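# Understanding the architecture of this molecule
Listed below, chain by chain, are the residues.
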Amino acid sequence: MKAGAPRSIAEHATAVLARVGPLPVVEQRLDDPGVVGLVLAEDVVAAAPVPPFDHAAMDGYAVRSADLPDDGTAVTLPVLADARPGTPPTAVGRKSAAPDPDEAADSLPTASRGAVRIMTGAPLPPGYDAIVPVERTSTGRFVAGGPTAERTVTLARQHRDHVRRTGTDLAAGAPVARAGTAVGPGLVATAAAAGLVTVPVRRRPRVAVLSTGSELAPLGTTAPGTIADSNSLMLAALVRAAGAEVVRVGAVPDHVDALRTALDDLTGPAPGAADGRQHAGVDLIVSSGGVSAGASDVVRELLARPDATDVDVATVAQRPGKPQALATWRGVPWVAVPGNPVSAFVSAALYALPAVRRLAGHPDAPPRTARAAASWTSPAGTQQVVPVVTRPDGVTPAGSDGHHLSALVDADALVIVPAQLERVSPADDLPLLPLPEAR
Ligand SMILES: Nc1nc2c(c(=O)[nH]1)N[C@H]1C(S)=C(S)[C@@H](COP(=O)(O)OP(=O)(O)OC[C@H]3O[C@@H](n4cnc5c(N)ncnc54)[C@H](O)[C@@H]3O)O[C@H]1N2
Ligand code: MOO
């Protein structure tokens, strides 16, 4: 239970990730807005070709190249039929479209020489192989909603055929996206166009956020000696920005029984207990506070009792965020970060968010670095975690003092100054951890 020798940030991050694995796979419909941000659990392939049929890329006339002179001389052709998107083609002179597209296509006088008036998106009539845009013909333009009464059209062979052909974007069976890809708007559109209704994704993580401290007041309330519970709001915002569903408990007083009850409500009943309470069924717990050496450090007090398992109380050679703890509560991994607001923020970014990403099925992020655009000092023998602002010339510490909460307002990333580096100079490359973008 006693914290061991100080460990590095990487060592503690490894200890966190050893406790979490990707959540189960679910089939999520593409018309559910909640699909965005979820991570593909399997490679996805096209169920149907994109486009699904040869169709016009321009409003104009469908022609058979064989009917047009190779030398580009204009010819006058009869207009035989109308082809519009979503409607079977109809022969000119017919009152309405035939209900069966095959019947309609068959009824087109394809044997005779002529052109088919066609609108962008309409299927290319059988036997036709090119479109001549209307502005390149004697018609000049079509009037939206207006009459299309011309019986002949004069046009010439074009350099391009203006036909979008079946499967030229994706063939049936072609890969759409690899496992591990986060679903974004482009993937939603491509998968839907390729005939898919659902995609196999990891379930969205449900993450509980709570803060400990008898001095904490809920938002909008004040009393002498209390402070706003900013940590639970900050943790909820971070976890949500990382793509999880948040169950925010808010502040729990520094009493071990209150904390135990709060954790039980988030997880499940004790084995064999029929306590009748509803449980939130969370996948991860993130708490702030109560992990240092004080008499009211309730997290450490509870971790010393048998309720929690896999307890790992650690001192990390980092600043801020030195005291950390991990445990499992009724099978649910628990990341406990210190209460100092800046420590809580950087610790959540370093340890809780990678756990959220692992649960969600994201592949491990490749290491990144950023160039320092300023100089500053760093304590020897400890990794300094610095909230930074990214500018074109590199990163600079956010705010006037990185120990202040207000420095986090503009921060878009954290950099980690190596333990042996006592002074950061411009152009030094530093390990970078981007913060999730607000959404
Ligand atoms: N004797 C020692 N004391 C401390 C040590 C140590 O090694 N020996 N470590 C210090 C370091 S480093 C840190 S960091 C803090 C971490 O303490 P706790 O995790 O136990 O956090 P608390 O004591 O509960 O709170 C610390 C500080 O942060 C404020 N706080 C807490 N929760 C919130 C919240 N939800 N919203 C806003 N502010 C919060 C709290 O009021 C305290 O001021 O321990 C040092 N002590
Ligand atoms: O290491 Mo504590 O986390 O100074 O703030």
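Residues numbered from 1 in each chain as written. Chains lettered and ligands numbered in written order. Predicted model: local features only at pLDDT ≥ 70, side-chain atom pairs only at ≥ 80, totals over all residues.

- The name given to the protein in an unreviewed UniProt entry is Molybdopterin molybdenumtransferase, with Isoptericola chiayiensis as the source organism.
- What UniProt states about the protein under its Pathway (unreviewed entry) heading is, verbatim, "Cofactor biosynthesis; molybdopterin biosynthesis."
- UniProt's Catalytic activity (unreviewed entry) comment on the protein is quoted here verbatim: "adenylyl-molybdopterin + molybdate = Mo-molybdopterin + AMP + H(+)". (UniProt positions renumbered as here; feature names shortened; annotations may be inferred.)

## Structural notes on the overall build of the protein
- A count of helical and extended segments in the protein gives 7 helices and 28 strands.
- Relative to the globule expectation of 22 Å for 439 residues, the C-alpha radius of gyration of the protein, 32 Å, shows a markedly less compact shape.
- Dimensions of the protein, computed from C-alpha atoms along their principal axes, come out at roughly 95 × 60 × 40 Å.
- Every one of the 439 residues in the protein was classed for burial, and the buried ones make up 37%.
- By sequence separation, contacts in the protein at least 24 residues apart represent 69% of the contacts at least 6 residues apart. (Helix = DSSP H or I, 4+ residues; strand = E, 2+ residues; numbered from the N terminus. Rg over C-alpha atoms; globule rule 2.2 N^0.38 Å. Buried ≥ 20, exposed ≤ 12 C-beta atoms within 10 Å, placed from the backbone. Contact = placed C-beta atoms within 7 Å.)

## Some remarks on the site of ligand 1
- Around ligand 1, the surrounding shell holds 25 residues, and the nearest of these are Ser211, Asn231, Gly289, Ser292 and Gly339.
- Listed by contribution, the elements that provide at least two residues to the shell around ligand 1 are helix H4 (230-241) and helix H7 (341-360).
- Of the residues forming the shell around ligand 1, the biggest block, 3 residues, is contributed by H4. (Near = placed C-beta within 6 Å.)

## A few points about the sheet that holds strand E16 (residues 245-252)
- Spatially, 6 strands are ordered E16-E13-E17-E21-E20-E18 in an open sheet, and the strand pairing comes out mixed. The two strands at the open ends of the sheet, each matched to only one other strand, are E16 and strand E18 (309-315). Within the sheet, the average angular offset between the axes of one strand and its neighbour, ignoring direction, is 15 degrees.
- Pairing analysis gives 5 bridges linking E18 to strand E20 (residues 323-329), with the strands arranged antiparallel. Paired with Thr315 across the strands is Pro323, a residue of E20. (Pairing = 2+ DSSP bridges. Axes fitted to C-alpha atoms, helices over the stretch in contact; angles between N-to-C directions.)

## Considerations on the environment of Val332
- Among the secondary structure elements, Val332 is positioned in strand E21 (residues 332-337).
- Residue Val332 is classed as buried on the basis of its 21 C-beta neighbours within 10 Å.
- Taking the C-alpha atoms as reference, Val332 lies 36 Å from Ser378; in sequence the two are 46 residues apart.
- When residues no more than four places from it in sequence are discounted, the contact partners of Val332 are Thr267, Val282, Asp283, Leu284 and Ile285.

## Structural notes on the packing of helix H1 (residues 9-17) against H7
- Packing of H1 against H7 brings their axes to within 9 Å, and their N-to-C directions diverge by 35 degrees. As H1 packs across H7, the resulting crossing turns out to be right-handed. From H1, Ile9, His12, Ala13, Val16 and Leu17 reach across to H7, where they touch Leu350, Tyr351, Pro354, Ala355 and Arg358. (Left-handed = near helix turned anticlockwise from the far one by under 90°.)

## Some points on the nonpolar core
- Ranked by internal contacts, the top residues of the largest apolar core, which has 85 residues, are Val239, Ala348 and Val356.
- For this core, the element with the most residues is H7, which contributes 14 residues.
- Among the nonpolar cores identified, the runner-up in size contains 22 residues, and Ala56, Ala62, Ala81 and Ala130 belong to it. (Core = buried A, V, L, I, M, F, W, Y, C linked by C-beta atoms within 7 Å.)

## Focus: the domain arrangement of the protein
- With domains assigned, the protein is organised as domain 1 (9-23 + 203-360), domain 2 (26-48 + 178-201), domain 3 (55-164) and domain 4 (368-434).
- Measuring from the centre of the C-alpha atoms in domain 1 to the corresponding centre in domain 4 gives 26 Å.
- Facing the 12 residues of domain 1 at the interface are 13 residues of domain 4.
- Top contributing element to the side of domain 1 that touches domain 4 by residue count: H7, with 6 residues. (Domains from an automatic or database assignment.)

## Some points on the site of ligand 2
- Around ligand 2, the structure places Arg319, Pro320, Gly321, Lys322, Pro338, Asn340 and Ser343.
- For the shell around ligand 2, the residue count by class is 2 nonpolar, 3 polar and 2 charged. (Nonpolar A, V, L, I, M, F, W, Y, C, P; charged D, E, K, R; others polar.)

## Quick look at the packing of H4 against H7
- Two numbers describe how H4 lies on H7: the axes approach to 10 Å, and their chain directions differ by 30 degrees. The angle between H4 and H7 places the two elements in the roughly parallel class. Considering the relative orientation of H4 and H7, their crossing is right-handed. Residues Ser230, Asn231, Met234, Leu235, Leu238 and Val239 of H4 pack against Pro341, Ala344, Phe345, Ala348, Ala349, Ala352, Leu353 and Val356 of H7.
- Each residue belonging to the contact of H4 with H7 can be placed in one class, and the counts come to 12 nonpolar, 2 polar and no charged. (Parallel < 35°, antiparallel > 145°, perpendicular 65-115°, else oblique.)

## Quick notes on the confidence of the model for the protein
- Mean pLDDT over the protein works out to 92, with 92% of the residues at or above the 70 mark.
- Low pLDDT, under 50, characterises residues 95-99; the stretch is placed with 9 contacts to residues that sit more than four places away or in other chains.
- Listed scores for the predicted complex are pTM 0.90 and ipTM 0.97. (pLDDT = per-residue confidence, 0-100.)

## Here's the deal with the environment of Ala5
- Looking at where Ala5 falls in the secondary structure, it is placed in the segment before H1.
- Separated by 309 residues in sequence, Ala5 and Ala314 place their C-alpha atoms 7.9 Å apart.

## Thoughts on the pairing of strand E4 (residues 60-63)
- As judged from the 3 bridges shared by E4 and strand E7 (residues 115-118), these two strands associate in the antiparallel manner. Bridged to Gly60 within E7 is Ile118.
- Here 4 bridges tie E4 to strand E8 (residues 130-133), and the two strands are oriented antiparallel to one another. When the bridges of E8 are listed, Gly60 appears paired with Pro133.

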